Amino acid sequence: MGPQRGSGSHGTLYLGSSLTVVKDLKKELGPGLLAAMCKQIGIRKEDL
């Protein structure tokens, strides 16, 4: 399943039974935030 709209500018990204919150769907992610989001959903950022 892909990203879904959350509250305000936030969205939720689901990957199987894992999920992470995307801070602002219209802004670029920094490397630290991207790494944390990947860890939450159980993938490596190199796999993107």
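Everything discussed here concerns the structure shown above.
We now turn to the structure provided with this report. Model, not experiment: these values are computed from the prediction.

Right, let's get into the pairing of strand β3 (residues 18–22). Pairing analysis gives 5 bridges linking strand β2 (residues 11–15) to β3, with the strands arranged antiparallel. When the sheet's bridge partners are listed, Gly11 is paired in β3 with Val22. Counting the residues between successive antiparallel strands, the hairpin from β2 to β3 contains 2 residues, one of them, Gly16, with a positive phi of roughly 65 degrees.

Let us now look at helix α1 (residues 31–41). Three or more residues of α1 are buried, namely Met37, Cys38 and Ile41. One face of α1 carries all of its buried residues, which in axial projection span an arc of 100 degrees. Along α1, the residues that are exposed and aim more than 90 degrees away from the buried face are Gly32 and Lys39. Against β2 and β3 lie the buried residues of α1. Within two residues after α1, Gly42 carries a phi angle of roughly 80 degrees, on the positive side.

Cut-offs applied
Residues numbered from 1 in each chain as written. Predicted model: local features only at pLDDT ≥ 70, side-chain atom pairs only at ≥ 80, totals over all residues. Heavy atoms only, no water. Pairing = 2+ DSSP bridges. Helix = DSSP H or I, 4+ residues; strand = E, 2+ residues; numbered from the N terminus. Buried < 20%, exposed > 50% of the residue type's maximum accessible area, 1.4 Å probe, protein only. Arc of directions from axis to C-beta. Contact = heavy atoms within 4.5 Å.

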